[in-house]
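Chain residues, written in single-letter form:
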Amino acid sequence: MPDATDGAAPRVVVDERKALPGRGAWIHPVAACLDLAVRRRAVPRALRVTAPLDLAGVREHLESAER
């Protein structure tokens, strides 16, 4: 999760190879589980951040995988 120096929310990315450094958050590979995690504020808690997160890339990945 790179630092957002331009004022944008930090972006969460999908690590399909499970090789990126840093903390991770696991969810089931379905958009409904991401929706539930967002409602429960589970992703920022799992990543131990207080800033809002950009989950658009994760949502796009899950929706394309469901097709």
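Cut-offs and rules
Per chain, the residues get numbers from 1 upward, laid out in the order the sequence is written. This being a predicted model, a pLDDT of at least 70 is required before a residue's local features are given, and a value of 80 or more before pairs of side-chain atoms are given or counted; all residues contribute to the totals for chains, interfaces and linings. Just so you know, side-chain values use all the structure's heavy atoms and leave hydrogens and water out. The helix and strand labels rest on DSSP assignments: H or I over at least four residues marks a helix, E over at least two residues marks a strand, and numbering proceeds from the N terminus. Throughout, a residue-residue contact means that at least one pair of heavy atoms, one from each residue, lies within 4.5 Å. Cavity means a closed set of points on a 1 Å grid over the protein atoms alone, one where a 1.4 Å probe fits but cannot get out, pocket means an open set with protein on both sides within 12 Å along at least 5 of 7 lines, and lining means a residue has an atom within 4 Å of a point. Grid points are joined across faces, edges and corners, and a volume is the space filled by probe spheres set on the points. Residue type decides the class: Asp, Glu, Lys and Arg count as charged, Ala, Val, Leu, Ile, Met, Phe, Trp, Tyr, Cys and Pro as nonpolar, and the leftover types, Gly among them, as polar. A pairing counts as a salt bridge when a side-chain nitrogen of Lys or Arg comes within 4 Å of a carboxyl oxygen of Asp or Glu.

Kindly report on the environment of I27, identifying the contributing residues and their values.
Locating I27 in the fold gives a position in the segment before α1 (31–39). Beyond its immediate stretch of four places on either side in the chain, I27 contacts L34, A37 and L62.

Explain the layout of surface pockets to me, and be specific about the residues and the numbers.
Within this model, the largest pocket holds a volume of roughly 870 Å³. Considering the residues around the largest pocket, the lining is formed by 26 residues, among which V13, V14, D15, G24 and A25 are closest to the centre. For the lining of the largest pocket, the secondary structure elements donating two or more residues are α2 (42–47) and α3 (56–66). Looking at the lining of the largest pocket residue by residue, the class counts come to 18 nonpolar, 3 polar and 5 charged.

Pulling in residues and values, what's your account of the pattern of salt bridges?
As enumerated under the stated definition, the model contains 1 salt bridge in all. Taking the shortest distance from any N to any O, the salt bridge between D35 and R59 comes out at 2.7 Å. Of the two residues, D35 is situated in helix α1 and R59 in helix α3; the sequence distance between them amounts to 24 residues.

By themselves, these observations are geometric and do not establish any function.
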